[in-house]
Amino acid sequence: MEADSKLNDLLEKSRIDRDSTGTVSFHQLKKPLMLYLKVTSELAPSFVSEIGADKVEFIFKKPNGFRPVGSYSTRCMAKPDASVDLLLHLPKECFHEKDYMNHLYHAKRCLYLCVLKNHLLLSSSVEKVEWSALQNEARKPVLVVFPAKKVDHLPGFSIRIIPSAKSLFDVAMLSMSSNNLPSVTADGDSLPTPTYNLSILEDMFLEENSNLLENRLSQWKALPDALILLKIWARQRSSIYAHDCLNGFLIFVIVSFLARFGYIEKSQNALQIFTKTLEFITTHDFEGSGLFFTAGKTKILASTEENKKFKELFPVLICDPSTHVNLAFRMTSIGLHELRHEASSTLTRMKLSDGGFEEAFMTKIDYPVKYDHCIRLHLEGKIAEPTSVFCLDKEYWRIYEQKVHSLLEQGLGDRAKSIRVVWRNANQGSYVEDGLSVLDREPLFIGISIRSTENAFRMVDIGPDADNKEEVLKFRKFGGDKSELRRLEDGRIAECTVWETQQWRRHLIMKQMIEYIFERHLSLYSDDIVQLVDQLDFSLLYGDKALRLTSVFPPEPHPLVCVKIVERRLHEHMPSCIPTMEVMIQLEGPGDLEIEKTKTDFLLQIVKKLQKVKGITRPATENNVVFMGGYAFRLSILHETGFPTYAPVARLAKRWVSAHLFSGCLAEEAIELLVAHVFLTPLPLGVPLSRFSGFLRFLRLLADYDWWSCPLIVDRNSDFGINDHKDINDNFMSSRKRDEEGRQNISSAMFLAAPYDKASEAWTTFSPNLSEQKRLVASARSSANVLSKLVLQEHNDSVQWESLFRPPLDKYDAVVLLHRENLPYPRRLLFPPKLNQGPKGDHVARWEASTYVNRFLLPGYLERSHEQLKEELMLDSDPTKCFLSVLEASFLIQNRNIKTYRGSYRALLSAETVWDVVEAVKRKRDEDETDPKEILKAVGEMGKGLVRDILVAQVSMTFLKA
């Protein structure tokens, strides 16, 4: 019932009532146009010449009419795409019978739209007119008209004017074996131009095929809603809603085929039709059998020479009723593979207990979150060729996509699970006037899904054996100077490519390979190739690996706890603090209660045993800490993870939480559970195998999850059964029921259920509260949007990337700055505080740094023995945490509501909670005459020696003085 309610809500919010759009102003298009106007290529000279057309001119005649088609006419419009498709019937008088040759039709089609555009711009009812392209085909522009009168609740409402060319040419001259571009030859022989021919045939049968769909939809009550669901599903997936894969028209075609031939029934509801459509997409043989609409009742048309040609020339075949047009002639085999994969993943997720509603319809699966390795190729001015090359049988950009894909497929081999190359370049608004050469301004985008980290991080690729001369030559031609003969472990001698790198940089091997491939085979420079791989590494490059590898700052060995003591003079700046690393031990056997009873004794016994091992000691003040190899280890209990990319993603997540000042409300263990959920519940995507995709999914989990209504269940080993899920949901509902009287009183707005913690009592019992949760969600959403834009758009400077970890300080009323020299680990700070980003106002006071707390052991201490120096080490010393704890406790005792937000180098008082303090003080002013400004001075006094300065925003100071 809940799933049905969600589905109905989604449909209600997504439907666009055709009547609500008002009367679309088609009448403006029917006003008298300038008849007998002589039209020449001067209206778009660059476009005409660059598609390879000869001299073009004709006498303009008014259109044969306009007709709305598509979603508008079938009442299947779905937000946010508020546009109406309007067919423009081109008059036959403007064309000659052989204009199907040499791009003359495409040239006249464009010039006709140029006249219409100029006419529309004279109308007061039109705000603006822009150019777009039909399915990213640059030689087939369309007009996008924005009415001056806005439509309520439909921002960006527009009308797309699409020319149709019914009966303009002899269909026989546009067969799949015909050559209509004499320049397309091989060794002097003419080659067929099937893609070019279909580009014209598509326009000729556009209205006829639209009628077929409209007639079918009018007979089915549930079909419109099913189509809306399919469009929502496809639009959420950038990799398939593209020119070489799926579009709204093809969705209509497939559903219409299913309805016509009994794959779906009129008694089925919208979700059932949606499911049946995905099942058909997943299983049907589009490459071999294809889809055929026929005038009779048979499903498959008898094999003809033309249909054989279709199957030979195109990887996907969806033949229209006329049998002249392959409606899927733009779809590539890669596009079909992506479509099937997405359909299969969605169906798998829908079979689970909750029905997969969120994953199917609400989860955005765009390029940055789907692919592990994203690349932008900046090709402006890099593909300059004779003008005719832009449009032969296929447009040059489609050929270049295939070339890039082929190079990567050959070069990466089994490192890549899938490769997606998309050049969405035909939406440059001025390309008709400026010419096709401007279309290379938009970067070409590449998304790569890694097969496994083991393959991706491999340093040697083994090629053919040395005695296979032909294959060796091919291998060397592709690999160039990276190719070399090597003797393998099994004794074979084979050609290999070697990608030497340091161990901690192995995640960059594919970056190195791709750059080499493009420089060698496409003559690109490194500046032309933007690979989104290591831009976030600046926040992690510190020290060496340790334990779970999830620490943002992996510890370095301390000289005083090493087995061999080196000369003291080398350690004049010997740290006085040493952090401990958690050693988690998972016990088998008794239940939780028994473990709790024996845990302390068990750890003490382990420590005693370890002390007998040479090189292991323990401090006198700690029972469960041991020193070994320069590190301090604190023994405790938990589990290890099984995903190679989990560790760096967890480190990025912790760094982000700390940088955005949420360390005080979100424990490190809670962050690890959130990241674990990303890896353990990857559908409808897959397990993230890169830092970028994993980190972005973590941010979107924080931003998009329904924390108020649903518990987040982290089931590492799939141990939870039906009863466990029931217990967790009961615990969750009980916790929410206790707070249903007022959300502001919720002790924690995040419920994390995991093994041994079904009631979310371990890490999120008291925090984050609702206020903190709102800030956390808002910050995560903002960072996720920034990261997505950085992947997709041209932002290569370090400042943009640093902004992910540099939150604006102007959201706070007060900023407390600390003395860097008194922090235990100042090298962990990514950036110094930028005061110009913070609140503009007064300095409350300034304080000097303390000389009592020292980050390094004083010179006098170095005279002592090694054992005496060990006793001076401070385990897990963190003055910042102590200061904030004392500060919060002090205000709690004084019955004043204050909340601090903890970061790596500063503490901030949030605007909301500082006002709480001010209001509380204002109410008491008559009683104790407390000056609110004195409260902030007291904050500095509590942290005297550690606090450097306190800044207060101008607006806050105005209120404080009131």
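Placed above this text is the structure.
This text gives an overview of the structure that appears in the document. What you are looking at is a predicted structure, and each value in this text was computed from that prediction instead of being measured.

Their axes nearest at 7 Å, the elements helix α22 (residues 691–704) and helix α24 (residues 770–792) cross at an angle of 145°. Between α22 and α24 lies a crossing whose hand is left-handed. Residues Phe692, Phe695, Leu696, Leu699, Arg700, Leu702, Ala703 and Asp704 of α22 touch α24, and the partners they reach there are Leu776, Val777, Ala780, Arg781, Ser783, Ala784, Leu787, Ser788 and Val791. Per-class residue counts for the contact of α22 with α24 are 12 nonpolar, 2 polar and 3 charged.

Looking now at the environment of Ile318. Turning to its location among the elements, Ile318 is positioned in strand β11 (residues 318–319). When its relative accessible area of 1% is taken as the criterion, Ile318 is described as buried. Taking C-alpha positions, Ile318 is 8.5 Å from Ile254, a pair spaced 64 residues apart along the chain. Residue contacts for Ile318: discarding those within four places in its chain leaves Leu250, Val253, Ile254, Phe286, Leu291, Val325, Asn326, Leu327 and Ala328.

So, on to the sheet that holds strand β15 (residues 460–465). Taken together, 3 strands build an open sheet; the order of strands is β15-β17-β16 and the sheet is antiparallel. The open sheet has two edge strands with one neighbour each: β15 and β16 (483–487). Averaged over neighbouring strand pairs, the angle between their axes works out to 40° when direction is ignored. As defined by bridge partners, β15 adjoins strand β17 (residues 493–498) across 4 bridges and the pair is classed as antiparallel. What sits directly across from Asp465, in β17, is Ala494. Sheet strands touched by helix α17 (residues 469–479): β15, β16 and β17. Its angle to β15, the strand with the most contacts, is close to 150°.

On to helix α14 (residues 396–412). With 17 residues, α14 extends 24 Å from end C-alpha to end C-alpha; this agrees with the ideal 24 Å at 1.5 Å per step. Taken together, the buried positions of α14 are Tyr396, Trp397, Arg398, Tyr400, Glu401, Val404, His405, Leu407, Leu408, Gly411 and Leu412. Just past α14, the residue Gly413 takes up positive phi, approximately 55°.

To continue, consider the packing of aromatic side chains. Evaluation of the coordinates by the stated rule reveals 32 aromatic pairs. Centroid distance Phe95 to Tyr105: 5.8 Å. Interplanar angle 40°. Geometry classified as tilted. One end of the pair, Phe95, is in the loop between β4 (83–89) and α4 (104–121); the other, Tyr105, is in helix α4, and 10 residues separate them in sequence. Across the pair, Tyr105 and Phe95 agree in class, each one buried. With 5.9 Å between their ring centres and 70° between their planes, Trp499 and Tyr516 make a pair best called edge-to-face. With Trp499 in the loop between β17 and α18 (509–521) and Tyr516 in helix α18, the pair connects residues that are 17 residues apart, well separated along the chain. For the pair shown, Trp499 and Tyr516 are each scored as buried. What links up through ring pairs into an aromatic cluster is the set Phe257, Phe261, Tyr263, Phe280, Phe286 and Phe293. Note that Arg505 overlies the ring of Trp504, its terminal NZ or CZ placed 5.6 Å from the centroid.

Conventions used here
Residues numbered from 1 in each chain as written. Predicted model: local features only at pLDDT ≥ 70, side-chain atom pairs only at ≥ 80, totals over all residues. Heavy atoms only, no water. Axes fitted to C-alpha atoms, helices over the stretch in contact; angles between N-to-C directions. Helix = DSSP H or I, 4+ residues; strand = E, 2+ residues; numbered from the N terminus. Left-handed = near helix turned anticlockwise from the far one by under 90°. Contact = heavy atoms within 4.5 Å. Nonpolar A, V, L, I, M, F, W, Y, C, P; charged D, E, K, R; others polar. Buried < 20%, exposed > 50% of the residue type's maximum accessible area, 1.4 Å probe, protein only. Pairing = 2+ DSSP bridges. Expected span 1.5 Å × (residues − 1). Phe/Tyr/Trp six-rings, centres within 6.5 Å; stacked < 30°, edge-to-face > 60°. Lys NZ or Arg CZ within 6 Å of the ring centre and 35° of its normal.

It is worth stressing that arrangement in space is one thing and function is another; only the former is reported here.
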